[in-house]
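For reference, the chains in residue letters:
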Amino acid sequence: MLEHVVATNNEFVKRKSRKRRIVDHARFGLRDAIIHRLEENETSMNELRTIIHRNLLRAVVAGEVLEDEPHRRINQSVEMMMHRISLFYSAPLIGFNRKSMNEIMIVDRFQPLLLDGARQYGAPDLVVRNGGRICLVRLAMEMGSRAPNRASELELGSMLLWAERNPMIEHDIDDIDVVRIGWLGTRWVKWMKPANPDWAQQSRSMISMDIEQMARLMIYDGDLDRLPRSKSAWRCLNCSFNDECPGAELREKKQGPQLLMPDPLP
């Protein structure tokens, strides 16, 4: 909540909220490289390596990494992402290499649409024509399981709300498939589900509740103890505010020292 509420009007908090582990910045670079490769079919592996490496250097120079000595891990992180990108284009389940760019539309996920008066960032990464159907594709650089949990499935359904309001999408909702392609352990996997109106409506309800809760938080008066806090310590593992969050000490007293696992990127 410090990141999403206090950062609205506080430059120090804004800067600190951008801090991530170096491997997270490597994943951001991996996504940029994959999108660039789809846009420029002749891109070499060395060019893709440069995109990932440049993303990491920018984060280090800007002070946006949590590690104290991030330079020592840059090359290792780059090689890890290059391994993943090499497998991305050889994975038969993805099949992008068999499609022309006339069948793939790359979407800027940071272009919002208005939903109930608020900006909604629910765009897919790719829209892929597949015969008489279209696939709304979300790319995930790290996943905990092949199939999304209920909350993640509803979040993926936000792409349907985006499609309903996009004049370039002329297909009915029954002719749309929602697809998530992500890295799971040692390989890329794909999850797909046909869209339906109920799914879209449930996703809209979830987003409306999120908007309502965020609106309540915007009356924040400076008292950190009045902000809601996570009850699960693993959710806070990668948070740059752990050293000043009032919930961190309470969780430590209640749960004791724990071996925490990283929270996968969506």
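Up top you'll find the structure we're talking about.
Since the model is a prediction, treat every value here as computed from it, not as a measurement. One numbering rule holds for all chains: residues counted from 1, following each sequence as written. Confidence filtering applies because this is a predicted model: local features only for residues at pLDDT of at least 70, side-chain atom pairs given and counted only at 80 or more, and all residues used for totals across whole chains, interfaces and linings. In computing side-chain values, all of the structure's heavy atoms are included and hydrogens and water are not.

Novice: So what exactly am I meant to see when it comes to the pairing of strand β6 (residues 176-184) here?
Specialist: In regular strands, side chains alternate between the two faces of the sheet. Counting buried residues along β6, nine of its nine residues qualify, which places the element largely inside the surrounding structure. Pairing between strands requires that DSSP locate at least two bridges from one strand to the other. Only DSSP runs of H or I with at least four residues qualify as helices, and only runs of E with at least two residues qualify as strands; both kinds are numbered from the N terminus onward. Both strand β5 (residues 133-140) and β6 contribute to a ladder of seven bridges, which runs parallel. Counted as the bridge partner of cysteine 135 is aspartate 177 from β6. Remark: exposure states derive from per-residue accessible area (1.4 Å probe, protein chains only) relative to the maximum for the residue type, with buried under 20%, exposed over 50%, and partly exposed in between.

Novice: Whenever I open this one, the sheet that holds strand β7 (residues 187-194) confuses me. Can you help?
Specialist: Pairing between sheet strands relies on hydrogen bonds along the backbone, with the strands arranged either parallel or antiparallel. With respect to topology, five strands assemble into an open sheet ordered β1-β4-β5-β6-β7, the strand pairing being mixed. Taken across any chain shown, the strands that pair with only one partner, and hence form the sheet edges, are β1 (104-106) and β7. Each strand of the sheet is rotated relative to its neighbour by a mean of 20°, with strand direction disregarded. The sheet strands contacting helix α2 (residues 22-39) are β1, β4 (126-130), β5 and β7, and the helix crosses β1 at an angle near 135°. All axes here are fitted lines through C-alpha atoms, helices being fitted over the stretch that makes contact, and every angle between N-to-C directions spans 0 to 180 degrees. Note on contacts: a residue pair is in contact if any heavy atoms of the two residues lie within 4.5 Å.

Novice: Which parts of the structure should I look at to understand the nonpolar core?
Specialist: Soluble globular proteins tend to pack their nonpolar side chains together in the buried interior. What is meant by a nonpolar core is a set of buried Ala, Val, Leu, Ile, Met, Phe, Trp, Tyr and Cys residues, joined one to another through side-chain atoms within 4.5 Å. One finds Ile34, Ile85, Phe88, Val137, Leu139, Ile181 and Trp188 to be the most contacted residues of the largest nonpolar core, which totals 35 residues. Listing elements by their share of this core, those giving two or more residues are α2, α3 (45-61), α4 (71-88), β4, β5 and β6. The element that contributes the greatest number of residues to this core is α2, accounting for eight residues. Not counting residues up to four positions away in its chain, the partners in contact with isoleucine 34 are Ile85, Phe88, Tyr89, Leu139, Met141 and Trp188. Ranked by size, the runner-up nonpolar core spans 23 residues in total, among them Ala123, Val127, Val178 and Ala195.

Novice: Can you walk me through the pattern of salt bridges in this structure?
Specialist: Between side chains of opposite charge, pairing is possible as soon as their charged atoms come close. We define a salt bridge as a contact between a side-chain nitrogen of Lys or Arg and a carboxyl oxygen of Asp or Glu at a distance within 4 Å. Under the counting rule described, the total for this entry stands at 15 salt bridges. Note that glutamate 142 and arginine 27 form a salt bridge whose closest N and O atoms lie 3.1 Å from each other. Here glutamate 142 is found in the loop between β5 and α5 (150-156), whereas its partner arginine 27 is found in helix α2, with 115 residues between them in sequence. Residue glutamate 142 is classed as buried on the basis of its relative accessible area of 15%. Salt-bridge contacts for glutamate 64 lead to arginine 58; the nearest nitrogen and oxygen are separated by 3.1 Å. Residue classification places glutamate 64 among the buried residues on the basis of a relative accessible area of 10%.

Novice: Is there a simple way to explain the packing of aromatic side chains in this structure?
Specialist: Stacked, edge-to-face and tilted are the three classes for Phe, Tyr and Trp ring pairs, Trp counted by its six-membered ring, which pair at centre distances within 6.5 Å; planes under 30 degrees apart are stacked, over 60 edge-to-face, the rest tilted. Tallied over the entire structure, the rule returns four aromatic pairs. Ring centres of phenylalanine 88 and tryptophan 188 lie 5.0 Å apart, and the angle between their planes is 85°; this geometry places the pair in the edge-to-face category. Here the residue phenylalanine 88 occupies a position in helix α4, and tryptophan 188 occupies one in strand β7, the gap between them amounting to 100 residues. Classification of tryptophan 188 by relative accessible area gives buried; the value is 3%. Taken together, a centroid distance of 6.3 Å and an interplanar angle of 80° make the contact between tryptophan 191 and tryptophan 199 edge-to-face. With relative accessibility at 12%, the residue tryptophan 191 sits in the buried group. Cluster of aromatic residues (ring-pair linked, three or more members): Phe88, Tyr89, Trp183 and Trp188. In this scheme, Lys NZ or Arg CZ marks a charge over a ring once it lies within 6 Å of the ring centre and within 35 degrees of the ring normal. Residue placement shows arginine 37 over the ring face of tyrosine 89; its charged tip is 4.8 Å from the ring centre. Lying over the aromatic face of tryptophan 199, lysine 193 brings its terminal NZ or CZ to 4.9 Å of the ring centre.

Novice: Would you take a moment to explain the side chain of serine 77 for this structure?
Specialist: Take serine 77: it is sitting in helix α4. Distance and chemistry together define a polar contact, namely a pair of N or O atoms within 3.5 Å, with one atom able to donate a hydrogen and the other to accept it when in protein, and with adjacent residues in sequence counting only for side-chain atoms on both sides. Side-chain polar atoms of serine 77 contact the backbone oxygen of arginine 73, separated by 2.9 Å. The residues touching serine 77, leaving out its near neighbours within four places in the chain, are Ile22, Ala26 and Leu56.

Interpretation note: all reported values are geometric properties and have no functional meaning in isolation.
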